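Residues per chain, in single letters:
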Amino acid sequence: ISNMRRLDYWKSLLLPENYDASTIRRLTLRAIVWITGLTLAWYVWHQHVGSYERTRPWKAAPIISVERTCPRPTYETLADQSSDIKPTTTRTTDAALPAASQIICMTTFTDEKKRATAQKLYGWRSFDGMLDITWKNKQSYANKHGYQLFDESNQVDKSRPPGWSKVPAVRRLFKEENCTWVFFLDADTVIMDSARKLEEFIPTDPTKHLVMAPDKTMKNGYNSGAWFLRNSEWSLDLLEKWWSKTWHVRQVGISKSGDQAGLNACLKGVFAENGQGLAPKQCNFNSFAAIVDPKEYPDHEVHFKQKEYFLSEYYYHKGDFLMHAAGVDNKEVVVREFLELAT
């Protein structure tokens, strides 16, 4: 009985007829003050932590000077097809064209010029300046091998977190630039070995349309920070399905966009034996940066062979093609260190 009385009492507190107008106004004002105070406290805490993460010092792990063998793709590539590949300017999307006729495009972007207000207020992970810092590295590489490099920052859709704009960016390159293959790279990537060609990763099999690397942070998942997509009806359909995965769109302003989860939701069966995708080892073209706190670096320098990153196919080692500063909030300090080592 006493429990029923307590329940009735608390229920009665929710009934507006039990309060006069002045009491309701007073309680409403108190609620507004409390909610405003809690919101401000959360925002101050969020900004404090975010500021720390955006400026947190990092140092590349000692494996940047250690070589390890990266298993090459097991499928036939355009590099196997021809030892002297010179991309033509002929515009075509024929999947069966020989290596010399492929139009290979590279693209990247940031939301620095078209950033949503929520991203400005709440975002921890900043790509500010990334395009300026890494563009010369990518442009020099593209010029060296005759690829076309596009800045697709104008394709950023402010209604979603920036990672989702990979979809309209690549779709535009297919439809307007007639690229045969598009190699998408996040802005926080650095080409480390410019002697390597993209043809080393692009398959000759016309039934294969997507080339992606596994993501060590996802169980049976793939990383959307560096990947190849063929200009085909299958690929355009994949982009449409990817964009339609609105369930995975994260709140604008948080570190993760949800685009990677959305893409992975579309890939069931794609990397099976008879599927449309290929997944070479991550070290081929999407090696993550292994970074450590500078205060802990002396320990890593002595015991790096006992660390989980040593000789791992997921982390950058000397001689890998590309470094990706994935999962890092203070990207600039990491990217600049690797740019000094790029050849």
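Calculation notes
- Residues numbered from 1 in each chain as written.
- Predicted model: local features only at pLDDT ≥ 70, side-chain atom pairs only at ≥ 80, totals over all residues.
- Heavy atoms only, no water.
- Pairing = 2+ DSSP bridges.
- Helix = DSSP H or I, 4+ residues; strand = E, 2+ residues; numbered from the N terminus.
- Contact = heavy atoms within 4.5 Å.
- Axes fitted to C-alpha atoms, helices over the stretch in contact; angles between N-to-C directions.
- Disulfide = S-S within 2.5 Å.
- Buried < 20%, exposed > 50% of the residue type's maximum accessible area, 1.4 Å probe, protein only.

*Asks:* Where do I start with the sheet that holds strand β11 (residues 322-324) in this structure?
*Replies:* For sheets, the rule is that strands pair by backbone hydrogen bonds, running either parallel or antiparallel. Reading across from one edge, β5-β11-β9 is the order of the 3 strands in this open sheet, with mixed pairing throughout. Here the strands that pair on one side only, and so sit at the sheet edges, are β5 (189-191) and β9 (287-288).

*Asks:* Would you mind going over the sheet that holds strand β2 (residues 104-108) with me for this structure?
*Replies:* The mixed open sheet is built from 6 strands, whose spatial order is β3-β2-β4-β7-β6-β8. The open sheet has two edge strands, β3 (148-151) and β8 (277-278), and neither has a second partner. Seen against the sheet, helix α6 (residues 166-176) touches β2, β3, β4 (181-185) and β7 (222-230) and runs at an angle of roughly 15° to β7. Packed on one face of the sheet, helix α7 (residues 233-243) meets β6 (210-214) and β7 and runs near 150° to β7.

*Asks:* How should I be thinking about the state of the cysteines in this particular structure?
*Replies:* Here, the word disulfide means a covalent bond between the sulfur atoms of two cysteines. Following the criterion strictly, the structure yields 2 disulfides and no others. Residue Cys70 pairs covalently with Cys283 via a disulfide, S to S 2.0 Å. Measuring the twist about the S-S bond at about 90°, one finds the Cys70-Cys283 disulfide to be right-handed. In this pair, Cys70 is assigned in the loop between β1 (59-60) and α3 (78-81) and Cys283 in the loop between β8 and β9, connecting sequence segments 213 residues apart. Across the pair, Cys283 and Cys70 agree in class, each one buried. Across the disulfide from Cys105 sits Cys179; the S-S distance is 2.0 Å. Taking the sign of the S-S torsion, about -90° here, the bridge from Cys105 to Cys179 comes out left-handed. Taken together, the residues span a long stretch of sequence, with Cys105 in strand β2 and Cys179 in the loop between α6 and β4 at a distance of 74 residues. Sequence-ordered numbering of the bonded cysteines in the protein yields a pairing of 1-4, 2-3.

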